[in-house]
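Structure assessment
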Amino acid sequence: GSGRRPLVAGNWKMNGTRASLATVEGIRDGLSPALLEKIDVLICPPATLISSCVAATYGSPIAIGGQNLHARPSGAFTGSISAEMLADLGAKYVIVGHSERRAYHHETDDGVHAKALGARRAGLCGIICVGETMEEREQGRALSIVRAQLAIGIPKGATAQDTVIAYEPVWAIGSGRTPTPAEIAEVHASLREMLDKLVGEEAAKIRILYGGSVKPGNARELMAVENVDGALVGGASLVAEDFLGICNAY
Ligand code: G3P
């Protein structure tokens, strides 16, 4: 094996109110101790639910994370939330540079880098997202796009403690379409080689997740792909049974 402990992470996006705490409780109660010996589990609810999700998973190994952050620790940035604030609530991870943030909030690779530094400053693990559009894939540019996103986004001296990478092809997100295992293997191998160049020996310990239409029905096949160290799950993380089905692929 790779020696890397798999991470199954749920990204709820802008979904969920206090009623959704039942989902976190369902996930908490449905994870077997045997499974939790093998994998790490993370839920990233909207910021409004972080505190109550942390309380609901108190004493369980499930981690709670944010979906976004402001790069600065504090200041006159109305409506923004810093890494320190997320950490203060008990968050352990934060998603950085999700393709929806890049597309709808004009986040650049440099901006992603600044946010990843912010996450690390506050002691959070940043999940840096990379991924090509369908147009870029058709132009044969998928590898060069994701390699550049990784190279610019990742902090110097990144470690497995403070950094996770997630490959999410934009065209696979929420679409029900996924790359073939061979296509995923090609990208993950390329990202791993790039990581090697960027951080040296530590690269072998840094996890690279796959995200984009991961469901209970395809999780086993996708998670078995070489260099895939877990999943970043959107839609299927909103239903406890579905998310548990994905975790149980391990
Ligand atoms: O961050 C996870 C996400 O973008 C994938 O979404 O709904 O395709 O699993 P979904």
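Figured I'd write up the structure that's included with this text.

Rules used in this analysis
- Residues numbered from 1 in each chain as written.
- Predicted model: local features only at pLDDT ≥ 70, side-chain atom pairs only at ≥ 80, totals over all residues.
- Heavy atoms only, no water.
- Helix = DSSP H or I, 4+ residues; strand = E, 2+ residues; numbered from the N terminus.
- Rg over C-alpha atoms; globule rule 2.2 N^0.38 Å.
- Buried < 20%, exposed > 50% of the residue type's maximum accessible area, 1.4 Å probe, protein only.
- Contact = heavy atoms within 4.5 Å.
- Areas by Shrake-Rupley, 256 points an atom, 1.4 Å probe, with all protein chains shown as cover.
- Lys, Arg positive; Asp, Glu negative; His and termini not counted.
- Charge placed at Lys NZ, Arg CZ, Asp CG, Glu CD.
- Near = heavy atom within 4 Å.
- Polar contact = N/O pair within 3.5 Å; in protein donor to acceptor, adjacent residues only side chain to side chain.
- Pairing = 2+ DSSP bridges.
- Axes fitted to C-alpha atoms, helices over the stretch in contact; angles between N-to-C directions.
- Core = buried A, V, L, I, M, F, W, Y, C linked by side-chain atoms within 4.5 Å.
- Salt bridge = Lys/Arg side-chain N within 4 Å of Asp/Glu carboxyl O.
- Parallel < 35°, antiparallel > 145°, perpendicular 65-115°, else oblique.
- Left-handed = near helix turned anticlockwise from the far one by under 90°.
- Nonpolar A, V, L, I, M, F, W, Y, C, P; charged D, E, K, R; others polar.

Moving on, we come to the overall build of the chain. Along its length, the chain carries eleven helices and eight strands. Relative to the globule expectation of 18 Å for 250 residues, the C-alpha radius of gyration of the chain, 17 Å, shows essentially globular dimensions. Projected onto its principal axes, the C-alpha positions of the chain cover 45 × 45 × 35 Å. The proportion of buried residues among the 250 residues of the chain is 50%. For the chain, the share of sequence-separated contacts (at least 6 apart) that also reach a separation of at least 24 residues comes to 73%. When the accessible surface of the chain is totalled, it reaches about 11,100 Å², and 52% of it is carbon and sulfur. One way to put it: in the chain the 24 positive side-chain charges average out to a point 4 Å from where the 27 negative ones average out.

In this section: the side chain of S190. Looking at the secondary structure, you find S190 in helix α9 (residues 181–199). For S190, a relative accessible area of 9% translates into the label buried. When sequence neighbours within four positions are dropped, the list of residues in contact with S190 reads L143 and R147.

In this section: the site of the ligand. Taken together, 13 residues lie around the ligand, and H98, E168, G174, S213 and G235 are the ones closest in. The backbone of G234 places a nitrogen or oxygen atom 2.9 Å from an oxygen atom of the ligand. Relative to its free-state accessible area of 310 Å², the ligand is covered by the protein chains to the extent of 97%.

Here we take up the sheet that holds strand β8 (residues 230–233). Pairing within the closed barrel is parallel, and its eight strands lie in the order β1-β2-β3-β4-β5-β6-β7-β8. Taking each pair of neighbouring strands and ignoring which way they run, the sheet shows an average axis angle of 25°. Note that strand β7 (residues 208–211) and β8 share two bridges and pair parallel. By the bridge assignment for β8, G211 is matched with L232. Running over the sheet, helix α11 (residues 240–247) touches β1 (7–11), β2 (40–44) and β8 and is turned about 155° from β1.

Here we come to the environment of I27. By secondary structure assignment, the location of I27 is in helix α1 (residues 21–30). Looking at I27, the relative accessible area reads 0%, which means it is buried. Taking the C-alpha atoms as reference points, I27 and E241, 214 residues apart in sequence, are found 7.6 Å from one another. Beyond its immediate sequence surroundings of up to four residues, I27 is in contact with I43, I62, S237, A240, F243 and L244.

Counting residues in hydrophobic clusters, the biggest one holds 62 residues, and the most contacted among them are L31, I165 and L195. Per element, the largest residue contribution to this core is six residues, and it comes from α9. Formed by 14 residues, the second largest nonpolar core is a distinct cluster that contains Y93, I127, C129 and L209.

The next point concerns the pattern of salt bridges. Scanning the entire structure with this criterion turns up 16 salt bridges. We note a salt bridge from D109 to R102, for which the minimum N-O separation is 2.6 Å. For R102, a relative accessible area of 15% corresponds to the buried category. Here R192 makes a salt bridge to D229, at a shortest N to O gap of 3.0 Å. Here D229 lies in the loop between α10 (216–223) and β8 and R192 lies in helix α9, a separation of 37 residues in the sequence.

Take the packing of helix α6 (residues 109–121) against helix α8 (residues 142–153) next. Axis angle and axis distance: for two packed helices, these are the angle between their axes and the distance between the axes, and together they describe the pair. One can describe the packing of α6 onto α8 by two numbers: an axis separation of 8 Å at closest approach and a directional angle of 40°. Between α6 and α8, the interaxial angle falls into the category oblique. You can see that α6 and α8 cross each other, and the crossing is right-handed. Each of D109, D110, V112, H113 and A116 in α6 lies in contact with α8, whose residues at this interface are A148, Q149, I152 and G153. Grouping the amino acids of the contact of α6 with α8 by side-chain chemistry returns four nonpolar, three polar and two charged.

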